[in-house]
Amino acid sequence: MKYIYVGFKGKNNPSFYIVSQFQESFFLTNSFGGIEKDIENIKTSKDGILLFGLKPKLKNQIQIELTSKYQNQKIKTGFDVSKLNLIFKEVEVVYHEKPSQYLCNYAYYKLLEKFNGNVILIHVPFSKEYADKIVLDLKNELCIKNTLK
């Protein structure tokens, strides 16, 4: 699978660290106005967009957001989340249905709109060690897929 990896700017942000490890990467500004401009620069979703965002309250797990909400409009992801269970082996995965009111949710909503639901938001904890595990799982998945082709 060829994913587009999207994270938020900021050298101390784990989403920035994770996404910077991949060639097909885009970074979003940490402001509502900047996000829309940044999303305009993403031209394709390839096999899907993996959007990474920071959720400081998380500990030793990632949280997959299944729904986004903006101005009382909800959008569910169309991304095949069963793929994520195959990718993430070093980290615990939990699924979440209730959208937040934060910047990650806004970016998620705008990406879901633009790419017809082929996006998933993956919230990560504030931990470099955990970010390394996520990168390892993603790179292992890429190696396996590239070997099979």
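Cut-offs used in this document
- Residues numbered from 1 in each chain as written.
- Predicted model: local features only at pLDDT ≥ 70, side-chain atom pairs only at ≥ 80, totals over all residues.
- Heavy atoms only, no water.
- Buried < 20%, exposed > 50% of the residue type's maximum accessible area, 1.4 Å probe, protein only.
- Helix = DSSP H or I, 4+ residues; strand = E, 2+ residues; numbered from the N terminus.
- Arc of directions from axis to C-beta.
- Contact = heavy atoms within 4.5 Å.
- Salt bridge = Lys/Arg side-chain N within 4 Å of Asp/Glu carboxyl O.

Novice: Teacher, can you tell me more about helix 2 (residues 32-40) here?
Specialist: Side chains three or four residues apart in an α-helix point the same way, a direct result of the helix having 3.6 residues per turn. Among all positions in helix 2, only G34, I35, D38 and I39 are buried. Seen along its axis, helix 2 keeps its buried residues to an arc of 135 degrees; they face one direction. Exposed and facing more than 90 degrees away from the buried side of helix 2 are K37 and E40. In this fold, the buried residues of helix 2 make contact with strand 1 (4-8), strand 2 (25-28) and helix 4 (103-114).

Novice: Could you clarify how one ought to interpret unusual backbone geometry in this entry?
Specialist: Only a minority of non-glycine residues have a phi that is not negative, and only a minority of peptide bonds are not trans. Residues other than glycine seldom take positive phi values, yet Q71 does so here, at roughly 50 degrees. As for its placement among the helices and strands, Q71 is situated in the loop between strand 5 (67-70) and strand 6 (73-76). With relative accessibility at 63%, the residue Q71 sits in the exposed group. The backbone of N72 shows a phi angle near 65 degrees, a positive value even though the residue is not glycine.

Novice: Sorry if this is basic, but what is going on with the pattern of salt bridges here?
Specialist: Pairs can form between side chains of opposite charge once their charged atoms are near each other. Counted according to the given criterion, the structure contains three salt bridges. K76 is the partner of E97 in a salt bridge, and the nearest nitrogen-oxygen pair spans 3.4 Å. One end of the pair, E97, is in the loop between strand 7 (93-96) and helix 4; the other, K76, is in strand 6, and 21 residues separate them in sequence. We classify K76 as exposed; its relative accessible area is 54%. One salt bridge in this structure joins K128 and D132, with 3.1 Å as the shortest N-O distance. Here K128 and its partner D132 are both found in helix 5 (residues 128-148), four residues apart, which amounts to about one turn of the helix.

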